[in-house]
Amino acid sequence: MFSPRTTKPTFKSYLPPVQTDGKTSIEPPIRKLEPTLLSGEIVVNEANFVKKCVSAEGSQEDLWGKLICTNFKVSFIPQDAPLKPKSQLSHLLLGEHDIPLTCLDQVVTVNDVKGKKKVLGSNQKLKFNPTELILYCKDLRVIRFCFSEAGPDSAKKVCLAIAHYSHPADIHLLFGFEYQGRRYHQAKEEGVSGSTQRGGLQTQRFDRPSDWDREIKRTGASEWRVCSINKKYKTSPSLPENIVVPVSMMDRELEDLAANFTDSRLPMWCWNHTNGSALVRMAVLNPLQQKKTEQKFFSAISKSHPQHTEILKVDLDKSLPNIQDIQSSFIKMKQICVLEPFEESEERWLSSIENSRWLEYVRAFLKYSAEVVYHLERKNVSVILQEEEDRDLNCVVSSLVQLMLDPHYRSLIGFQSLVQKEWVMAGHRFLDRCNHLKKNDKEESPLFLLFLDCVWQMMNQYPAAFEFTEAYLTVLSDSMWIPLFSTFLFNSPENRAQHLLEFAKSKAIPQGEDQAVFFPPVWEWAQQFSTKDQTLFNNPLYVGKGATRFQNGEVKTFTRSKQKNYGSINQGAPSSVRNGVRGGEDTLSRRSSLMSELKPDLPTVKDESPSEHFFRDWFSRPADLQGLLIPQLLPSHLSLWKLYFLRWVPEACIAKGGPITAYHKLSLLMNEIEVLQNQLRQYNRTSMESASLSNQSGSLSERGRMYFRAISAEDPPVPPDFLTSSFPFSAVGNLCRRGSQGTPVSKFLNGAKTWLSTETLDDTV
């Protein structure tokens with residue numbers, strides 16, 4: 001017997017030795033990517049390992065994560081959760097990387113390997129596997145996703161899902177109906193009342209006679225009354241149930257005359273001047289009945305005036321651009337400001353802006369409104385604004401006229417009431433003009449955005465006359481694309497009432513419940529933003545009733561330069577307006593230099609018309625910010641609304657620059673004034689009253705009217721690092737054009753009437 005030989009081990013381990021000290025290293029778990037869903041929101045499709053492009057050429061800043069399509073939004077969830085950004089508004093219903101489906105303008109799929117592109121619509125097929133998805137948004141964002149690491153099937157499915165759910169076949173398929181129905185019942189179960197009290201300082205909805213009565217009393221329109229002949233919309237489906245008519249006209253007479261107007265839209269009273277002149281809007285009359293009907297209404301409106309003056313009727317259809325012109329101009333603005341890379345269009349950028357005619361149209365509406373103001377203010381005559389259907393151009397002009405004449409509408413609550421009265425209840429076709437259902441591109445037109453741009457132009461010239469800020473106007477424009485509120489969803493009051501009645505029945509909501517409870521208007525900002533974020537709506541410069549004022553005159557009053565040769569209205573056809581104001585930069589000139597500029601023009605010009613004299617005289621005096629305001633209208637006085645048009649453009653984003661730096665310093669100053677005022681009130685009261693006030697003022701200081709707050713008097717007012725000219729929005733990842741690989745977007749979209757053609761862009765697809 002012999003012993004077996006011991007064999008040597010031949011396996012060599014390249015692993016490190018096992019730790020024997022009892023400690024084990026644990027790899028951090030991969031974060032589970034789950035979306036934040038609202039009540040009633042469901043995930044319909046998703047794709048993993050998707051890259052969200054932050055820059056055109058690709059960079060380390062690109063984000064990897066999961067792309068999700070729900071019945072409400074497109075949501076991207078990054079794998080690496082970044083710190084919560086401080087440089088933008090925090091929306092309570094939408095995440096940083098969320099896009100409401102109604103905000104999508106076009107869904108474009110790309111396959112770089114095969115050189116194919118296709119614009120997806122509802123129920124369309126996609127014959128290639130997409131390597132990229134580009135989302136063109138109605139708020140001017142361009143979001144780009146890459147599927148280089150994602151599965152081809154999941155990439156295709158999520159693209160098709162986004163295209164399908166962004167083209168709802170019916171208005172009730174918009175997510176707001178599901179969300180608000182569930183929200184209503186959850187609030188009832190929790191015992192929370194969602195009703196909006198009408199007392200106090202509230203936005204008037206003008207959906208009941210009492211709101212119109214208050215407006216009549218506020219404006220002193222004693223010869224006008226609330227009429228309810230359109231109850232249940234039996235007279236006209238596009239008018240509100242309650243309208244204001246002359247006292248001298250009986251209901252039976254109005255019912256007989258209604259059929260002579262387009263869509264049976266009787267003339268609507270809008271506003272009354274303290275001198276008795278009225279602003280009225282109306283649709284076009286049947287030519288066969290025009291003379292007789294006009295005589296009756298003109299006579300009644302004339303009787304409502306203390307001096308029984310004549311009536312001026314102006315035709316907006318003959319004097320202002322139509323909705324197609326406005327839409328075409330806006331499309332050009334989108335291409336110039338967003339789609340074309342700045343380095344390609346830098347040399348011709350300003351001329352391209354001018355050629356788009358957008359600012360020309362803004363100026364045209366401001367000019368026309370100022371001419372209407374002249375007739376109401378100086379000539380003391382009532383003005384009737386006539387438009388074919390009285391639902392588009394009239395909304396813009398009537399709102400601007402009231403904004404110029406009435407300081408109430410320059411407050412936040414007043415402005416919202418104005419929009420509610422002249423747009424929502426007057427029957428502006430928000431559903432069609434916003435193209436929420438994407439059924440008819442020919443009906444789409446950004447009239448409300450044009451109105452907001454006109455308002456911004458006035459704010460830019462008179463910054464202390466408005467209680468709200470440009471951030472508020474921008475947020476309001478964005479709210480058109482969030483289908484959770486009733487304000488911008490419908491075509492008329494009757495359209496709203498009909499759909500909300502069907503909605504209430506389907507969701508078992510008790511009959512007679514206030515519509516604002518189960519489907520609230522957008523004015524309930526607490527549903528979208530925190531109390532602190534809402535303070536970004538407050539203008540620290542505002543000079544209004546009850547507002548804090550500087551007493552040195554520099555903020556309280558604004559001095560204007562000279563103004564020349566304004567045109568006038570002649571039966572709706574205004575002459576050309578030639579505004580001779582010098583650059584708007586020197587709005588706070590010394591009196592001596594200002595008078596030296598005006599002195600040569602003070603004598604009456606030989607051929608000067610009464611309207612030209614009125615405007616020249618008005619611009620020669622200091623402005624009353626709580627009185628009449630007239631905008632300066634030389635082309636050099638109008639500016640591009642940068643916060644809206646350029647907020648997503650990285651090249652236009654200035655760190656610690658732009659108007660926000662001045663807003664920051666003014667907010668700190670106003671916050672210090674608020675704190676000092678509270679301390680003075682406490683000091684001047686008894687100890688018991690002071691203790692009670694201390695608790696109240698403590699909560700006020702926590703809330704504050706200003707977004708930025710002074711910590712202490714010793715702290716220097718240095719702008720925070722996160723402030724940019726795009727604040728409170730962020731340009732990061734919200735505008736990603738395609739790079740040089742493939743077809744440049746500017747050439748890809750050349751000549752298109754919309755962002756992209758709705759047809760397939762490659763015949764081989």
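Residues numbered from 1 in each chain as written. Predicted model: local features only at pLDDT ≥ 70, side-chain atom pairs only at ≥ 80, totals over all residues. Heavy atoms only, no water.

Draft legend 1. Structural detail: the nonpolar core. If you look at the biggest cluster of nonpolar residues, it comprises 185 residues, and the most contacted ones within it are Phe415 and Phe645. Sequence-distant contacts of Phe645, that is, excluding residues within four places in its chain, are made with Leu140, Phe330, Met333, Cys337, Val338, Trp358, Asp453 and Leu640. (Core = buried A, V, L, I, M, F, W, Y, C linked by side-chain atoms within 4.5 Å. Buried < 20%, exposed > 50% of the residue type's maximum accessible area, 1.4 Å probe, protein only. Contact = heavy atoms within 4.5 Å.)

Draft legend 2. The arrangement of the side chain of Thr70 in detail. Relative to the helices and strands, Thr70 resides in strand β2 (residues 63–70). Side chain to side chain, Thr70 and Glu41 meet in a polar contact 2.7 Å long. A distance of 3.0 Å separates a polar side-chain atom of Thr70 from the backbone nitrogen of Phe72. Dropping the residues within four chain positions of it, Thr70 is found in contact with Leu37, Glu41, Ile42, Val43, Val44, Leu101 and Tyr165. (Helix = DSSP H or I, 4+ residues; strand = E, 2+ residues; numbered from the N terminus. Polar contact = N/O pair within 3.5 Å; in protein donor to acceptor, adjacent residues only side chain to side chain.)

Draft legend 3. Structural context of the sheet that holds strand β14 (residues 382–386). Taken in spatial order, the four strands of this open sheet run β11-β12-β14-β13, and their pairing is mixed. Only two strands of the sheet have a single partner each, and these edge strands are β11 (268–272) and β13 (311–315). Direction aside, neighbouring strands of the sheet carry axes that sit 20° apart on average. As defined by bridge partners, strand β12 (residues 278–282) adjoins β14 across four bridges and the pair is classed as parallel. Each residue of the ladder has a partner; that of Met282, found in β14, is Gln386. Those strands touched by helix α10 (residues 393–405) are β11, β12 and β14, and its axis lies near 170° from that of β12. (Pairing = 2+ DSSP bridges. Axes fitted to C-alpha atoms, helices over the stretch in contact; angles between N-to-C directions.)

Draft legend 4. Quick peek at the packing of aromatic side chains. Overall, the coordinates contain 44 aromatic pairs when judged by the stated rule. Centroid distance Phe466 to Phe468: 5.7 Å. Interplanar angle 65°. Geometry classified as edge-to-face. As far as burial versus exposure is concerned, Phe466 and Phe468 are alike and both buried. With centroids separated by 5.9 Å and ring planes inclined at 75°, the aromatic side chains of Trp648 and Phe729 adopt a geometry described as edge-to-face. On the criterion of sequence distance, the pair formed by Trp648 in the loop between α20 (642–645) and α21 (659–683) and Phe729 in the loop between α22 (687–703) and α23 (745–748) is long-range, its members being 81 residues apart. Here the guanidinium or amino end of Arg218 rests over the ring plane of Tyr409, the centre of that ring lying 5.1 Å away. The residue whose ring lies beneath Arg647 is Phe729, and the NZ or CZ to ring-centre distance is 4.7 Å. (Phe/Tyr/Trp six-rings, centres within 6.5 Å; stacked < 30°, edge-to-face > 60°. Lys NZ or Arg CZ within 6 Å of the ring centre and 35° of its normal.)

Draft legend 5. Structural detail: the pairing of strand β8 (residues 142–146). Among the five residues in β8, five count as buried, and that is most of the element. Residues of β8 alternate between two faces, with Val142, Arg144 and Cys146 on one and Ile143 and Phe145 on the opposite face, all of them buried. Relative to β8, strand β1 (residues 43–52) runs antiparallel, the two sharing two bridges. Residue pairing across strands places Lys51 opposite Cys146, the latter belonging to β8. Bridge analysis of strand β7 (residues 132–137) against β8 gives five bridges, and the strand direction is antiparallel. Each residue of the ladder has a partner; that of Ile134, found in β8, is Arg144. Here β7 folds back onto β8 in antiparallel fashion, the turn holding four residues, of which Leu140 has a positive phi close to 80°.

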